[in-house]
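Letter by letter, the chains look like this.
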Amino acid sequence: MHQASELWFKALLHEFDGLVASFERNNAGESLWHLQRINSLMRIVSAQLSALETLPPQRFAKLRAFLGSSSGVQSEQFRAIENASPTFEELFLRMLETNGTKVEDLYLGPGPSTLFFVAEALLEYEQQFARWRFTHVQLVERVIGAGTRGTGGTSGSGYLMRTVDQRFFPKLWEARAHLQR
Ligand code: HEM
């Protein structure tokens, strides 16, 4: 199951290249196009986890020893995805600057612009990612319990739960709070 997700991770990383290039070319329509594909890939990766939720814990306990110290925490592609993701906000802010606008302005204009939809698609991606993290931590608690250490050596669900609140795009989230002041 993890290997299947790795293939989708590869597809995500491929779309990331296109997204970065579109930001650098200042082509908002193309950015949107890549983000929509990225978001459908994220939905697939999350949905895949549900197939493991009904895995009987007693069956998993039997095969767990064969994993040795292998764990998802060693996934190089997952780290590459995480590392690339915080760079999108900076690239997007630079694109806004090129277009003579700021994040806050996107939410003030008379009507939504393409750049507004790019901002919203980035937030959608962030939500999808956090959902994957939460679905995964619940899966972990359901299969091996909350207090069990991971095969990769972390505290297990405690470690994973702390990652759920991580944000790639703090400025995009903050822009909402501005409007309420
Ligand atoms: C029964 C199924 C699963 C269990 C019990 C499980 C358990 C765990 C645990 C306990 C960790 C924490 C690291 C450690 O100490 O090992 C972890 C991390 C991770 N797992 Fe799973 N996992 C399962 C399925 C999956 C699947 C299908 C994927 C698919 C991609 C996946 C991807 C990851 C990733 C990427 C991490 C690192 C997360 C991070 O560092 O933020 N896991 N997993």
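Reading the values: rules and limits
Residues numbered from 1 in each chain as written. Predicted model: local features only at pLDDT ≥ 70, side-chain atom pairs only at ≥ 80, totals over all residues. Near = placed C-beta within 6 Å. Helix = DSSP H or I, 4+ residues; strand = E, 2+ residues; numbered from the N terminus. Nonpolar A, V, L, I, M, F, W, Y, C, P; charged D, E, K, R; others polar. Contact = placed C-beta atoms within 7 Å. Axes fitted to C-alpha atoms, helices over the stretch in contact; angles between N-to-C directions. Parallel < 35°, antiparallel > 145°, perpendicular 65-115°, else oblique. Left-handed = near helix turned anticlockwise from the far one by under 90°. Core = buried A, V, L, I, M, F, W, Y, C linked by C-beta atoms within 7 Å. Buried ≥ 20, exposed ≤ 12 C-beta atoms within 10 Å, placed from the backbone.

Asker: How do you make sense of the site of the ligand when you look at a structure like this?
Answerer: Of all residues adjacent to the ligand, which total 26 residues, the nearest are Ser71, Gly72, Gly150, Gly152 and Thr154. The set of elements that each furnish at least two residues to the shell around the ligand consists of helix 1 (2-24), helix 2 (28-53), helix 6 (114-144) and helix 7 (157-163). Of the residues forming the shell around the ligand, the biggest block, five residues, is contributed by helix 6. For the shell around the ligand, the residue count by class is 13 nonpolar, 13 polar and no charged.

Asker: Which parts of the structure should I look at to understand the environment of Thr154?
Answerer: As for its position among the elements, Thr154 is in the loop between helix 6 and helix 7. Beyond its immediate chain neighbours, meaning those up to four positions away, Thr154 contacts Val73, Arg149 and Tyr159.

Asker: Sorry if this is basic, but what is going on with the packing of helix 2 against helix 6 here?
Answerer: Each pair of packed helices gets described by two things: the angle between the helix axes and the distance between those axes. Running from amino to carboxyl end, helix 2 crosses helix 6 at an angle of 15°, the nearest separation of the two axes being 9 Å. The pairing of helix 2 with helix 6 is recorded here as roughly parallel in orientation. The interaxial crossing formed by helix 2 with helix 6 has left-handed handedness. The class makeup of the residues in the contact of helix 2 with helix 6 is 17 nonpolar, nine polar and five charged.

Asker: Would you explain the environment of Leu67 in this entry?
Answerer: When you line up the elements, Leu67 lands in the loop between helix 3 (57-64) and helix 4 (76-98). Taking the C-alpha atoms as reference, Leu67 lies 15 Å from Pro57; in sequence the two are ten residues apart.

Asker: I'm lost on the nonpolar core in this one. Help?
Answerer: Nonpolar side chains in soluble globular proteins tend to be buried together. In this structure, Leu35, Ile38, Met42, Phe92, Val118, Leu122 and Tyr125 are the most contacted members of the largest nonpolar core, which totals 21 residues. Element by element, the count of residues in this core is highest for helix 6, at seven residues. Setting aside its immediate chain neighbours within four residues, Leu122 contacts Leu35, Phe88, Phe92, Phe169 and Leu172.

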